[in-house]
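In case you want the letters, here they are:
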Amino acid sequence: MADLLLAAAGFVLLMVALGLVRILRGPTVADRIMAAQLLGTGGIATLLLIAAATGMDAAIDVALALALLAAFASAAFAYGAADPDDPEADRG
Amino acid sequence: MSLDVFSLLAIAAGAFFFLAGTVGLLRFPDALTRLHALTKADNLGLGLVVLGLLPRVDWPLGALKLIVIWLVVLLAGATVGQLIARVARQARPSP
Amino acid sequence: MTLAFDAILIATVLAVAGWTIAARETFAAVIGFVAYGLLLALVWVRLAAPDVALTEAAIGGGVTGVLLLGGAARLRGVVAAPDAWPAATLRLAAAALSATVAAALAAVVLLLPDPAPTLAPEALASLPATGLGNPVNGVLMAYRALDTLHEKVVLVLALIGVWSLAADRAWGGIPGQRRPTRRDDALVFLARLLPPVGIVIGVYLLWAGADEPGGAFQGGALLAAMWLLAMMAGLVTLPAVSSRWLRLALVAGPALFLAIGLAGFVIADAFLAYPEAWAKPLIIVIEIALVLSIAATLGLLVAGPPEQAPPR
C-alpha cells in the first residue's frame, strides 16, 4: 500500500515536471505564471500522497501552507504582470 | 480492505486526471486553453486524491485539513484563473 | 521506489534551477525562483524536515518571491545594454567559484562518518524539561534562544535599513506608490476570502509549533503573505512608518523576548534561562508576541521604503 501511494506520488510529480517543461518555455507571460499554480496543485497532491505513504502527518501541514502560498504567489504574479493601464480592466 | 480499494481507485482516477491535465498543457494551442487544462483537470485530480486519502487520515483534524486544502485550491483555481486569463488577453509575448 | 521518486524530484529541482539562471527576462527568472522554492519544500519533506519545509514554502515561495517581483517591476523600463553584461571571464570565475563551493559541501556531506556525529539524542533527552514536544522548537526557543533573539533583532534592523532608503520628502511616510484603485474584481474576491483562512492557519501553525512542526516564524510568514495579498488588492492601506502603533507592533516581539531574557537573571540563573515550571508558558507568550512582529516586519520589508509623504 505504501509503495503504491509512493508510486502515485512519483507519477504526479512526473506530470508536474513535464508540465513545467512546457510552461516555463512560454512563449507568453501568462504561461509562465501558470507554473506557480501547477506546482501548487501538483505539489500538494504529491505531499498528501507522501504523507499517507510514509506516515508523516506534518506533510499535510506543509501541503496546507503550500495551498495558501501557491494561491498567493500566482495572484502576485498575475497582479505584477498585468498592464496597469488596461482600459478594459474595470469590466470584471 | 474495501476502504483500501476505494482509496486506490480514487487516487488512480486522480492520477489519471493529472495525466490529462499535463497532456492538455503539452498539446493545447494557446495560453487560454492551457490555462483551462491546468485549472480544471488538475483541480479535479487533486479532489479525487483528497477523496481517496480521506479514509486514511485521522479523524477529525486530518480530514478537516484535507478538505480545507481542497477548498483553498478550488478558490485559488477559480480566481487565479481569471487573473491569468486577463494577463493572457493582454497578450504580450515575452522577448 | 523511493529512489525513483527522489530521482525525479532531484532532476526537476536541478532543471528548474538551471532554467532560472538561464532566463533572459527578470520576470521569468523570478517565477523560476518561486517555482524552485516551492519544489525545495518538497525536498525538505523528503529529508524529514517539515519545519524547514514550511519556512521554505512561506519565505522562498511567498515573501521573497513578491519582494523580487517588486524589484523586477521597478526595473521594468530599464534594459541593460548588451555591453553591460559581465565579461565572459567574470562569469566563468563566478561559475567556477559556485561549483567549488557546491563540490566542497557535497564532499563534506558524503564523507561524514556513519552514523554522523549529532547532538540529537541529548536534545531529545532534555526536551521534557522545556515542556515542548517539538525538538526543533526546543532548539529555537530554549537551547539556542540567544540566536533566535538575534535573528529577530536582525529582521528589525533590516527593516530600518529599507526605511532609510526613503527620499527626504517621504521620510517617515507611507510605503509604496499611491496606486489608482483598479477595480480588479477577481483579486478583491480572493483577497476577501483567502486571508481569513490564512490567518486561522497561521495561528494554528503557531499553536501547533509547540508539539508538531510549525512555530512562530512559519506562522508569521504566512500571516505576512496574507497581509500582502490584502495590500495588493487595495483592501488595506498601509499606515505611515512613523506611526507609533506600527513601531510598537514591530518591536513588541524582540522587546518582550529581551525582557524575559533579562528577567532570567532574576527568576532563573542566567540570561534567557527559564525557571523549570514556567518554561512552556513563557515560551508561548514570547512566540505570540514574535508572530505579530514577524508578520509586521516581513510585510513591511516587502512593501518597501516610504514613497508618499506622511499625512500631516
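Predicted, not measured: the structure shown is a model, and the values here were computed from it.

Section: the overall build of chain C
Okay, step 1: Within chain C, the secondary structure is distributed over eleven helices and two strands.
Okay, step 2: Listing each helix as α and each strand as β along chain C from the N terminus yields α-α-α-α-α-α-α-β-α-α-α-α-β.
Okay, step 3: The principal-axis extent of the C-alpha atoms belonging to chain C is close to 60 × 55 × 35 Å.
Okay, step 4: Considering only contacts in chain C between residues 6 or more positions apart, those separated by 24 or more positions represent 75%.

Overview of the overall build of chain A
Okay, step 1: A count of helical and extended segments in chain A gives three helices and zero strands.
Okay, step 2: Within chain A, the fraction of its 92 residues that count as buried is 72%.
Okay, step 3: In chain A, 55% of the contacts between residues at least 6 apart in sequence involve partners at least 24 apart.

Examining the interface of chain C and chain A
Okay, step 1: In this assembly, 48 residues from chain C lie in contact with 44 residues from chain A.
Okay, step 2: Here the side of chain C that touches chain A is built from residues that sort into 35 nonpolar, eight polar and five charged.

Side note on the interface of chain A and chain B
Okay, step 1: In this assembly, 43 residues from chain A lie in contact with 41 residues from chain B.
Okay, step 2: The set of elements that each furnish at least two residues to the side of chain A that touches chain B consists of α1 (2-24), α2 (29-54) and α3 (58-81) of chain A.
Okay, step 3: The leading source of residues in the side of chain A that touches chain B is α2 of chain A, at 15 residues.
Okay, step 4: Here the side of chain A that touches chain B is composed, by residue class, of 30 nonpolar, eight polar and five charged.

As for unusual backbone geometry
Residue and element names in this part refer to chain C.
Okay, step 1: One non-glycine residue, A48, adopts positive backbone phi at about 60°.
Okay, step 2: One can find A48 in the loop between α2 (26-46) and α3 (50-74).
Okay, step 3: Since 12 C-beta atoms lie within 10 Å of it, A48 is described here as exposed.

Remarks on the nonpolar core
Generally speaking, a soluble globular protein has its nonpolar side chains buried in company with each other.
Okay, step 1: Judged by nonpolar contacts, the single largest core of 156 residues is most densely connected at I33, L48, V62, L66 and A75 of chain A.
Okay, step 2: A per-element tally of this core places α3 of chain A first, with 21 residues.
Okay, step 3: Both domains that meet at this core, namely domain 1 (1-75) and domain 3 (119-312) of chain C, each give it at least three residues.
Okay, step 4: Leave out the neighbours within four places in its chain, and A75 of chain A touches V80 and L83 of chain B together with L187, L190, L229 and M232 of chain C.

Examining the packing of helix α9 (residues 216-232) of chain C against helix α11 (residues 279-303) of chain C
Residue and element names in this part refer to chain C.
Okay, step 1: Axis separation between α9 and α11 bottoms out at 8 Å; the angle between their running directions is 40°. With respect to α11, the axis of α9 lies oblique. Note that α9 runs across α11; the crossing there is right-handed. Contact with α9, carried on its side by A216, F217, G219, G220, A221, L223, A224, W227, L228 and M231, involves E287, L290, V291, I294, A295, L298, G299, V302 and A303 of α11 and no other residues of that element.
Okay, step 2: Among the residues making up the contact of α9 with α11, the classes are represented as 15 nonpolar, three polar and one charged.

Considerations on α3 of chain C
Okay, step 1: The terminal C-alpha atoms of α3 of chain C, which comprises 25 residues, lie 35 Å apart, in line with the 36 Å expected from a rise of 1.5 Å per residue.
Okay, step 2: Along α3 of chain C, the largest kink reaches about 35° and is centred on T64 of chain C.

What about helix α1 (residues 2-27) of chain B?
Okay, step 1: Helix length check: α1 of chain B, at 26 residues, gives a terminal C-alpha distance of 37 Å against a target of 38 Å (1.5 Å per residue), a fit within 8%.
Okay, step 2: Buried residues along α1 of chain B sit in contact with α1 and α2 of chain A together with α2 (31-53) of chain B.

Regarding the environment of I67 of chain B
Okay, step 1: Here I67 of chain B is to be found in helix α3 (residues 61-90).
Okay, step 2: Between the alpha carbons of I67 of chain B and R56 of chain B there is a distance of 13 Å; along the sequence they are eleven residues apart.

Re the packing of α3 of chain A against helix α8 (residues 185-208) of chain C
Okay, step 1: One way to put it is that α3 of chain A packs onto α8 of chain C with a least axis distance of 11 Å and a crossing angle of 150°. It follows that α3 of chain A is roughly antiparallel to α8 of chain C by the angle criterion. Seen along the crossing, α3 of chain A lies across α8 of chain C with a hand that is left-handed. Residues D61, L64, L68, A71, A75 and Y79 of chain A of α3 of chain A pack against L187, L190, L194, G198, I201 and L205 of chain C of α8 of chain C.

Quick look at the confidence of the model for chain C
Okay, step 1: In this model, chain C carries a mean pLDDT of 87, and residues with pLDDT of at least 70 account for 95%.
Okay, step 2: With a pTM of 0.90, the predicted complex shows an ipTM of 0.89.

Brief notes about the environment of V197 of chain C
Okay, step 1: Within the secondary structure, V197 of chain C is located in helix α8.
Okay, step 2: Once the C-alpha coordinates of V197 of chain C and L69 of chain C are considered, the two residues, 128 residues apart in sequence, prove to be 24 Å apart.

Things to note about the confidence of the model for chain A
The predicted coordinates of low-pLDDT regions are not to be read in fine detail.
Okay, step 1: The predicted model of chain A averages 84 in pLDDT, with 89% of residues at 70 or higher.
Okay, step 2: Considering only residues more than four positions removed or in separate chains, one finds that residues 87-92 of chain A, a stretch of pLDDT under 50, has five contacts.

Some points on the environment of L26 of chain B
Okay, step 1: Assignment of secondary structure puts L26 of chain B in helix α1.
Okay, step 2: You can call L26 of chain B partly exposed: it has 14 C-beta atoms within 10 Å.
Okay, step 3: Among all residues touching L26 of chain B, those that are not within four sequence positions of it are L18 and R22 of chain A.

How each quantity is defined
Residues numbered from 1 in each chain as written. Chains lettered and ligands numbered in written order. Predicted model: local features only at pLDDT ≥ 70, side-chain atom pairs only at ≥ 80, totals over all residues. Helix = DSSP H or I, 4+ residues; strand = E, 2+ residues; numbered from the N terminus. Contact = placed C-beta atoms within 7 Å. Buried ≥ 20, exposed ≤ 12 C-beta atoms within 10 Å, placed from the backbone. Nonpolar A, V, L, I, M, F, W, Y, C, P; charged D, E, K, R; others polar. Core = buried A, V, L, I, M, F, W, Y, C linked by C-beta atoms within 7 Å. Domains from an automatic or database assignment. Axes fitted to C-alpha atoms, helices over the stretch in contact; angles between N-to-C directions. Parallel < 35°, antiparallel > 145°, perpendicular 65-115°, else oblique. Left-handed = near helix turned anticlockwise from the far one by under 90°. Expected span 1.5 Å × (residues − 1). Bend = angle between axes of the 7 residues up to and from the residue. pLDDT = per-residue confidence, 0-100.

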